[in-house]
Amino acid sequence: KRLLQDDEKLAAQACGRPDAFNQSEVELLAKLYDAEVAYQDEVFGGLMDLLDRNQLLANTLVVVTSDHGELFGEWGLVNHTASAHFQLLHVPLLVRPAGGTAMRRVSAPVQPVDLFVTLLAQAGAEIPSAVTLAYPLPLDADGESQRSFCVSQTYGASIAALSSTQNRKMQADVSKWMRWIETVYSDGFLLEVDSQGGRGLYDVTNDPGMAINLSEARTDLVESMLTGIEQWRCKGLADGKGNPESARHATILAP
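Remember, predicted model here, so these are calculated numbers, not experimental data.

A. Region of interest: the pattern of salt bridges. For the structure on display, the rule yields two salt bridges. Between Asp 220 and Arg 218 there is a salt bridge whose closest N-O contact spans 3.4 Å. On the basis of relative accessible area, Arg 218 is assigned to the partly exposed category, the value being 31%.

Written as structure tokens, this is what we have:
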């Protein structure tokens, strides 16, 4: 509680100060996170038991997911601001259709907007015309996803963190975080680019920690994925509605 209520520590870390937390504090935050996961597991189990006892599972679509991941020292960062790294974008997604079904794993990428239209369709509700670039989840046994790539966008540091830094007159160079970050994920590769010109290409299937930057070795793939970002952006703006997927940490869900 002391760590999480220390605005100066949190703001400094979100703005890129590497000395904001010492190693023991980072380890404590990781343990607290594990405790939160255990608590959520217990509460969710109770909810499922309640539905089962009241014979509601046959008519209930159950979805378990998360809004983002968390960093515990990776890249010198803690929490979930200041980046759009794979550790923040790749989150769990469990879907149990009404009545249940045989378990299977789907490797296709998913974004939150896909889950949104899937829930609407399952409930028999109309999908708003403003929602574009959305692909329903393949809930049928032989269904296949239509999505081939995911795009995510975020600002480098949270506005709250920057404001706190300025108000406290902290001696921190926040300029490197004053940038937009965009990523595209496709076929196991993640390309991360930012408005200051930085870029990195990572084979997140074999290197989920993003330790090896392949952008110089795979310039062909970089260009192809950059083209994908532009096509996505243009398609979303083509009808003048704006892009509904342009959201902070547009998470890559893992079904």
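B. How the structure looks around a nonpolar patch on the surface. A cluster of nonpolar side chains, Phe 44, Leu 47 and Leu 50, forms an exposed patch at the surface whose accessible area comes to about 240 Å². If you trace the backbone, Leu 50 turns up in helix H2 (residues 23-53).

C. Focus on the sheet that holds strand S5 (residues 149-155). Strand order across the open sheet formed by four strands is S5-S6-S7-S8, with antiparallel pairing between neighbours. Only two strands of the sheet have a single partner each, and these edge strands are S5 and strand S8 (199-203). Within this sheet the neighbouring strands show an average axis-to-axis angle of 15°, counted without direction. Bridge count for strand S7 (residues 189-194) against S8 is five bridges, and the pairing is antiparallel. Across the sheet, the residue bridging to Glu 192 is Gly 200, located in S8.

D. Region of the structure containing the side chain of Asp 207. With respect to the element layout, Asp 207 can be found in the loop between S8 and helix H6 (219-237). For the buried Asp 207, no salt bridge exists, and the shortest N-O distance to an oppositely charged side chain is 13 Å, to Arg 218. There is a polar contact of 2.9 Å between the side chain of Asp 207 and the backbone nitrogen of Ile 212.

E. Quick peek at the nonpolar core. Counting 12 residues, the largest nonpolar core is built from Leu 133, Val 151, Val 184, Phe 189, Leu 191, Val 193, Leu 201, Leu 221, Val 222, Met 225, Ile 229 and Trp 232. Listing elements by their share of this core, those giving two or more residues are S7 and H6. In this structure, Val 184 is in contact with Phe 149, Cys 150, Val 151, Phe 189, Leu 190, Leu 191, Met 225 and Ile 229, ignoring residues within four places of it in sequence. If you look at the next biggest cluster of nonpolar residues, it comprises eight residues, including Leu 89, Cys 150, Leu 190 and Tyr 202.

F. Representation of the packing of aromatic side chains within the structure. Under the defined criterion, the tally for this structure stands at three aromatic pairs. Relative to Tyr 202, the ring of Trp 75 lies with its centre 6.2 Å away and its plane at 85°, an arrangement referred to as edge-to-face. With Trp 75 in the loop between strand S2 (71-72) and strand S3 (78-79) and Tyr 202 in strand S8, the pair connects residues that are 127 residues apart, well separated along the chain. Residue classification places Trp 75 among the partly exposed positions, given a relative accessible area of 39%. Cation over ring: Arg 218 sits above Phe 189, and NZ or CZ is 5.8 Å from the ring centre.

G. The layout of surface pockets, seen in detail. Approximately 1,400 Å³ is the volume attributed to the largest pocket. For the largest pocket, the lining is made up of 47 residues, of which Val 64, Thr 65, Pro 92, Leu 93 and Leu 94 are closest to its centre. Element by element, the count of residues in the lining of the largest pocket is highest for H2, at 12 residues. When its residues are assigned to classes, the lining of the largest pocket shows 31 nonpolar, nine polar and seven charged.

H. Unusual backbone geometry, seen in detail. With a phi angle near 50°, Asp 187 is a residue other than glycine that sits in the positive phi range. Asp 187 sits in the exposed class, given a relative accessible area of 70%. Non-glycine residue Met 210 carries a positive phi angle of around 55°. Following the sequence through the fold, Met 210 ends up in the loop between S8 and H6.

Procedures and definitions
- Residues numbered from 1 in each chain as written.
- Predicted model: local features only at pLDDT ≥ 70, side-chain atom pairs only at ≥ 80, totals over all residues.
- Heavy atoms only, no water.
- Salt bridge = Lys/Arg side-chain N within 4 Å of Asp/Glu carboxyl O.
- Buried < 20%, exposed > 50% of the residue type's maximum accessible area, 1.4 Å probe, protein only.
- Patch = residues over 30% accessible without salt bridge, like charges linked within 9 Å, V, L, I, M, F, W, Y side chains within 5 Å.
- Areas by Shrake-Rupley, 256 points an atom, 1.4 Å probe, with all protein chains shown as cover.
- Helix = DSSP H or I, 4+ residues; strand = E, 2+ residues; numbered from the N terminus.
- Pairing = 2+ DSSP bridges.
- Axes fitted to C-alpha atoms, helices over the stretch in contact; angles between N-to-C directions.
- Lys, Arg positive; Asp, Glu negative; His and termini not counted.
- Polar contact = N/O pair within 3.5 Å; in protein donor to acceptor, adjacent residues only side chain to side chain.
- Core = buried A, V, L, I, M, F, W, Y, C linked by side-chain atoms within 4.5 Å.
- Contact = heavy atoms within 4.5 Å.
- Phe/Tyr/Trp six-rings, centres within 6.5 Å; stacked < 30°, edge-to-face > 60°.
- Lys NZ or Arg CZ within 6 Å of the ring centre and 35° of its normal.
- 1 Å grid on protein atoms, 1.4 Å probe; cavity = no way out; pocket = protein on both sides within 12 Å on 5 of 7 lines; lining within 4 Å.
- Points joined across faces, edges and corners; volume = space filled by probe spheres on them.
- Nonpolar A, V, L, I, M, F, W, Y, C, P; charged D, E, K, R; others polar.

Any link to function would need more than the numbers given here.
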